[in-house]
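Each chain, letter by letter, is given below.
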Amino acid sequence: QVQLVESGGGSVQPGGSLLLSCAASGSISSITAMGWYRQAPEKQRELVASITNGGSTNYADSVKGRFTISRDNGKNTMSLQMNSLKPEDTAVYYCGAFVLYWRGKNVREDYWGQGTQVTVSS
């Protein structure tokens, strides 16, 4: 089991910055990858950025060059530094942790935080 607690959401003007943090607890060593997803009103949840336990990162095209995902294994935290924020970044942001292991076949378990609101407006 993995528990995730998010913080750092809020309201900011266009061009501003926010730092989202996610603290993980539980079976930390089992986590294969972590990521940030977001869901805007009336839209599907979408991947923002992800990072594997090996440090490989992936970003949505819409946030490349503006957002940076990182993971501090010593503190069991993951962060998303969001710069040059745009109104279209407004959404609820979710921290996710993903576990892959072998039990005769590949098994995947997903864990999610409660979500934190990010609002970008003037």
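All residue numbers refer to position in the chain's written sequence, counted from 1. Residue-level local features of this predicted model are given only where pLDDT is at least 70; pairs of side-chain atoms are given and counted only at 80 or more, and the full residue set underlies all totals for whole chains, interfaces and linings. Side-chain measures were taken over the full set of non-hydrogen atoms in the model, leaving aside hydrogen atoms and water.

A. Highlighting the packing of aromatic side chains. Each Phe, Tyr or Trp ring, with Trp reduced to its six-membered ring, pairs with another whose centre is within 6.5 Å; inter-plane angles below 30 degrees give stacked pairs, above 60 give edge-to-face pairs, and intermediate values give tilted ones. A complete count under the given rule lists three aromatic pairs for this structure. Ring centres 5.1 Å apart and planes at 75° place the aromatic pair Tyr37 and Trp112 in the edge-to-face group. Taken together, the residues Tyr37 in strand 4 (residues 31–39) and Trp112 in strand 10 (residues 106–112) connect sequence positions 75 residues apart. Put simply, the rings of Tyr37, Phe98 and Trp112 touch in pairs and so form one group of aromatic residues. Its guanidinium or amino end placed over the ring of Tyr94, Arg45 lies 3.8 Å from that ring's centre, counting from NZ or CZ. In this scheme, Lys NZ or Arg CZ marks a charge over a ring once it lies within 6 Å of the ring centre and within 35 degrees of the ring normal. For Arg45, the ring lying beneath its charged end belongs to Trp112, and the centroid distance is 5.0 Å. Helix numbers and strand numbers start at the N terminus; a helix is a DSSP run of H or I with at least 4 residues, a strand a run of E with at least 2.

B. Structural context of the state of the cysteines. The disulfide definition used here is simple: a pair of cysteine sulfur atoms within 2.5 Å. Going through the model one piece at a time under the given rule, you end up with one disulfide. The disulfide that involves Cys22 links it to Cys95, with 2.0 Å between the sulfurs. With the S-S bond torsion at -75°, the cross-link from Cys22 to Cys95 turns out left-handed. Of this pair, Cys22 sits in strand 3 (residues 18–26) while Cys95 is found in strand 9 (residues 91–102), placing the two residues 73 residues apart along the sequence. Whether a residue is buried, partly exposed or exposed follows from its accessible area with a 1.4 Å probe, protein chains only, as a fraction of its type maximum: under 20%, in between, or over 50%, in that order. By relative accessible area, Cys95 is classed as buried at 0%.

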